[in-house]
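For reference, the chains in residue letters:
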Amino acid sequence: MVHNFLMLGIESSCDETGVALVKAQAGHRPVLCAQALHSQIEMHQAYGGVVPELASRDHIRRVLPLTRRVLANAGASLADLDVVAFTRGPGLAGALLVGAGVACALGAALGKPVMGVHHLEGHLLSPFLSADPPEFPFVALLVSGGHTQLMRVDAVGRYALLGETIDDAAGEAFDKTAKLMGLGYPGGPALARLAEQGDAAAFALPRPLLHSGNHDFSFAGLKTAVLTQAKKLGEGLAERKADLAASTQAAIVEVLVKKSLGALQATGLTRLVVAGGVGANRQLRLALDNACRQRGVRVHYPEFDLCTDNGAMIAMAAAMRLQAGVQAATTAYAFDVKPRWPLADLAAPARVG
Ligand code: KG4
Ligand code: ZN
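Residues numbered from 1 in each chain as written. Chains lettered and ligands numbered in written order. Predicted model: local features only at pLDDT ≥ 70, side-chain atom pairs only at ≥ 80, totals over all residues. Heavy atoms only, no water.

### Here we look at the coordination of the zinc ion (ligand 2)
- Note on the zinc ion (ligand 2): its protein donors are H119 (NE2), H123 (NE2) and D309 (OD). The metal-donor distances range over 2.0 to 2.1 Å.
- Relative to the metal, the 4 donor atoms surrounding the zinc ion (ligand 2) lie at angles of 95 to 134°, and the coordination shape comes out tetrahedral. (Donors = N, O, S within 2.8 Å, 3.2 Å for Na, K, Ca; no water. Tetrahedral: all angles 85-135°; square planar, octahedral: opposite > 155°, others 65-115°.)

Printed below as a string of C-alpha cells:
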C-alpha cells in the first residue's frame, strides 16, 4: 500500500469540469493542495438545461488547461503525480468518457496508475475536506440534482442505503419548480435567492411521504402542486413569485429535515453529514442546525464551494479509498464508465431500515 502520494482528481460527470490535487500522508487525512473548476452553466442556460453533447465537448476543451492550472498553483509537475482519479459514474456517458479518457491517457503516458471513483461517494466524503470534518459512523443526507438518499456510513466504502427518492431528486424539485416559475437553470440557487423575499407560509404545499414511516422521499407531487398554484395565480404569479418560491423551498426543506431526523433516530447515530448541491441551501442548513442542536446531533457540511460538483471531492474520495485499502489503483487502463451506478453497489450491505 502506498502511504504518501499525490492524487490528481478529474470530475466531468455533468456540467462542471473539475480538477484538483490532493496530498496524502500516512496516518493523516488527505489535504487539498489546489483545485480548479469550470462551470458550463452559462453555456447551457440558453437551452434551459444541460445539453449532453455540448457538455462533453466543453469538458474536452477545459480539462487539460484546468489540469495545468492546478499543477502550477500547487507548484507541482505532471511527473510528481502518483495516481490519477476520475469520476467513473454515475453521470452523462459522453461527459464521463472525457474524464476517464484523459485520466487513463495521463496515467499511461506517465506510467502511473488510475482509479475510477463513484461521483456520489465524492459528494459523501467531501465534508472531510472542510474545516470541521466528521468522524465515522454517521448518517449521510445526499441531496444533489440527480439523487436524494439517506445512507448509513460506517467507514470508507461501507455504505448502507436507508431510503431514497421514489421519483424526483431534491435538486430536481428545486430546478423543475424554478423552471415553471420562469427562474431559469439551474433553478436551485435562483429559487433560494427569490425565496428570501417571500413568505414561506403563503401557500400550503404538500410534504410528500412526510409520515410514510420509512426513509423514502417523493418530490414529483410537489412539482405538480406548484404548477397548479402557478396556473391558478395566472397573471398574478408575477407578484406572488417570491411567496411561491419561499413556500416551495419550505416544503422541500421540511421533508429533508424530518426524514434526516427519522434516519438518525432509527440508526441511533448522533452525527449527520449533508452533501451534494442542495447542501448549499442556507434554509436547509438553518433548519437542520436547529433541529439537530435540540437533539444533540452534530451536523457536518462541505465548504459551500464544494457542495456542487468539483474535482476536489473526486481526488479526496480516491485518496481515502486508497488509504483505507478498499480500492487499488490500476495500470489496466481499460476504462469503462458507468452512467447508472447505485452507490450501494460499492459496498455489499443490503438495504436496511
Ligand atoms: O451535486 P450537484 O452539483 O450535481 C449533481 O450531482 O446533481 O447538484 C446540483 C443541484 C441542482 O439541482 C441545483 O439546483 C442544486 O443542486 N442547488 C441548490 C443550491 N445550489 C445548488 N438547490 C437549492 N439551493 C441552493 N443554494
Ligand atoms: Zn454531483
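Back to the write-up after that little detour.
### A look at the sheet that holds strand β5 (residues 114-118)
- The 5 strands are arranged β3-β2-β1-β4-β5 in an open sheet whose pairing can be described as mixed. This sheet does not close on itself; its edge strands, each paired only once, are β3 (31-39) and β5. Shown here is a sheet whose adjacent strand axes are inclined to one another by a mean of 20°, direction ignored.
- Examined bridge by bridge, strand β4 (residues 83-89) and β5 share 5 bridges and lie parallel to one another. Bridge pairing in β5 places V84 opposite V114.
- Lying on the sheet, helix α2 (residues 52-74) is in contact with β1 (5-11), β2 (16-24) and β3; it crosses β2 at an angle near 30°.
- Sheet contacts for helix α3 (residues 93-110): β1, β4 and β5; angle to β4, the most-contacted strand, approximately 160°. (Pairing = 2+ DSSP bridges. Helix = DSSP H or I, 4+ residues; strand = E, 2+ residues; numbered from the N terminus. Axes fitted to C-alpha atoms, helices over the stretch in contact; angles between N-to-C directions. Contact = heavy atoms within 4.5 Å.)

### Description of the sheet that holds strand β7 (residues 148-155)
- Spatial ordering of the open sheet is given by β8-β7-β6-β9-β10, a layout of 5 strands whose pairing is mixed. With one partner strand each, in any of the chains shown, β8 (158-164) and β10 (298-300) form the two edges of the open sheet. Sheet twist, expressed as the average angle between the axes of neighbouring strands with direction ignored, equals 25°.
- With 6 bridges connecting them, β7 and β8 associate as antiparallel partners. Across the sheet, A155 pairs through a bridge with R158, a residue of β8.
- Along the sheet face, helix α8 (residues 237-267) touches β6 (138-143), β7, β8 and β9 (271-275) and points at about 155° away from the line of β6.

### Describing the site of ligand 1
- The environment of ligand 1 is formed by 17 residues, the closest being H123, G145, D175, G277 and N281.
- Within the backbone of G188, a nitrogen or oxygen atom sits 3.1 Å from an oxygen atom of ligand 1.
- Protein contacts shield 86% of the accessible area of ligand 1, which totals 560 Å² for the unbound molecule.
- Put simply, the parts of the chain that give the shell around ligand 1 at least two residues each are α4 (119-125), α5 (170-180) and α6 (187-195).
- It is α5 that provides the largest number of residues to the shell around ligand 1, a total of 3 residues. (Near = heavy atom within 4 Å. Polar contact = N/O pair within 3.5 Å; in protein donor to acceptor, adjacent residues only side chain to side chain. Areas by Shrake-Rupley, 256 points an atom, 1.4 Å probe, with all protein chains shown as cover.)

### Description of the domain arrangement of the protein
- Taken domain by domain, the protein holds domain 1 (5-125 + 307-346) and domain 2 (137-301).
- Taking only C-alpha atoms, the centre of domain 1 and the centre of domain 2 are 27 Å apart.
- Each partner contributes to the interface: domain 1 provides 21 residues, whereas domain 2 provides 20 residues.
- Both sides of the domain 1 and domain 2 interface together cover about 1700 Å² of buried area, and 73% of this is carbon and sulfur.
- By the criterion of area lost to domain 2, the three top residues of domain 1 are L120, L124 and C307, representing 36% of everything that side buries. (Domains from an automatic or database assignment. Buried area = accessible area lost by both parts, 1.4 Å probe.)

### Considering the pattern of salt bridges
- Tallied over the full model, the rule gives 13 salt bridges.
- D168 is paired through a salt bridge with K176; the nearest N and O atoms lie 3.3 Å apart.
- Looking at K176, the relative accessible area reads 30%, which means it is partly exposed.
- Among the charged side chains, a network of salt bridges with common partners joins D168, E172, K176 and K223. (Salt bridge = Lys/Arg side-chain N within 4 Å of Asp/Glu carboxyl O. Buried < 20%, exposed > 50% of the residue type's maximum accessible area, 1.4 Å probe, protein only.)

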